[in-house]
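# Structural characterization, general
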Amino acid sequence: MTSILENRPLLKAEIDKVAEVAGYLWQKGWAERNGGNITINITEWVDDGMRTLPAIDGPRPIGKKLPHLEGCWFYCKGTGKRMRDLARDPMANGSVIRILEGCTHYEIVADQPVLPTSELPSHLAVHDDLLAKGSPYRASLHTHPIELVAMTHSRKWMEKDVATRMLWSMIPETKAFCPRGLGMVPYMLPSSVELADATIRTLDDDYDVVMWEKHGVFAVDTDVMSAFDQVDVLNKAALIYLAARGMGFEPEGMSDAQMQELSDAFGLAK
Ligand SMILES: [Zn+2]
């Protein structure tokens, strides 16, 4: 069987990034069992040959109408699939789908009839919102970073921007590489419409990374590697905080003036 990635080096490079990130998620202990999801908008790498390919499954309903996804294509992790397996074989543990006319249904085009993640409606709703805003972001990532999730078990850190300020203050790179900080969403049922809507509202409130209380993060960026990097720097900051606490003291953190100086010097968003 010929893969859709064959003779499409640019598309393959994007899928390879998904596989690389999936491996990191597993190595970091953030992707137990089939935990986590990745969905990337691959429309810009779709060529005429792909457009003529027949569907191998579907059409299936998305569950909602997403008007900005007309003509869009996505690579999605498969439902029940493991990140550690996806890292080895992305096209056996995820699939390429296209959105059908009317934006209410999708069909699977390649390589195998792997059903997309059960979180597909919420991931696609985020992509719909990104396109509506004219955002250059094409990747969404959900994962379970241990220390960041642990923090959400405290009311204090769930207050708006309290965790962001502490994480930014641990090491200058955190603010430089996650300049919008960490948006907080209170606990809601996984896969629910309410959680998807709250995630979009929080992204629209000018965050790239959203924390789901007692569950995980949802991050967006231009590509999956950049989305992963934002989560990685935030969790690194949480680990530095934890290390200081483990040494028996509350870390001082950079001052507000030092963080403002950083924003001014590097032209950061906040
Ligand atoms: Zn999850």
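A short tour of the structure in this document, coming up.

Conventions and cut-offs
Residues numbered from 1 in each chain as written. Predicted model: local features only at pLDDT ≥ 70, side-chain atom pairs only at ≥ 80, totals over all residues. Helix = DSSP H or I, 4+ residues; strand = E, 2+ residues; numbered from the N terminus. Rg over C-alpha atoms; globule rule 2.2 N^0.38 Å. Buried ≥ 20, exposed ≤ 12 C-beta atoms within 10 Å, placed from the backbone. Contact = placed C-beta atoms within 7 Å. Pairing = 2+ DSSP bridges. Axes fitted to C-alpha atoms, helices over the stretch in contact; angles between N-to-C directions. Core = buried A, V, L, I, M, F, W, Y, C linked by C-beta atoms within 7 Å. Right-handed = clockwise from strand over helix to strand, strands pointing away. Expected span 1.5 Å × (residues − 1). Arc of directions from axis to C-beta.

Broken down by element type, the chain carries 11 helices and nine strands. Relative to the globule expectation of 18 Å for 270 residues, the C-alpha radius of gyration of the chain, 19 Å, shows essentially globular dimensions. Each principal axis of the C-alpha distribution contributes one length, and for the chain these read about 60 × 35 × 35 Å. For the chain, the proportion of its 270 residues judged to be buried stands at 43%. A separation of at least 24 residues holds for 72% of the contacts in the chain among residues at least 6 apart in sequence.

Moving on to the sheet that holds strand 8 (residues 209–212). An order of 2-5-4-3-1-6-9-8-7 is seen for the nine strands of this open sheet, with the pairing classed as mixed. Taken across any chain shown, the strands that pair with only one partner, and hence form the sheet edges, are strand 2 (57–61) and strand 7 (182–185). Strand-to-strand twist across the sheet, computed as the mean angle between neighbouring axes with direction ignored, equals 20°. Across four bridges, strand 1 (residues 37–41) lies against strand 6 (residues 139–143) in antiparallel orientation.

The biggest cluster of nonpolar side chains holds 74 residues, and the ones touching the most others in it are A22, V209, V210, V224 and L234. Ranked by residues supplied to this core, first place goes to helix 10 (residues 224–246) with nine residues. Among residues more than four places away in sequence, those in contact with V209 are C178, L182, G183, V217, A219, Q230, V231 and L234.

Covered by surrounding structure in strand 8 are V209 and M211 together with V210 and W212, the residues of both alternating faces. As paired strands, strand 7 and strand 8 are joined by four bridges and run parallel to one another. Across the sheet, residue L182 finds its bridge partner in strand 8, namely V209. In terms of handedness, the path from strand 7 via helix 9 (residues 193–204) over to strand 8 forms a crossover that is right-handed.

If you check helix 9, its first and last C-alpha atoms are 16 Å apart, about what 12 residues at 1.5 Å a residue would give, namely 16 Å. When we look at burial in helix 9, the residues that qualify are L195, A196, T199, T202 and L203. Summarising the axial view, the buried residues of helix 9 lie within an arc of 130°, below the 170-degree limit, and thus occupy one face. Contacts made by the buried residues of helix 9 are with helix 4 (120–132), strand 7, strand 8 and strand 9 (216–221).

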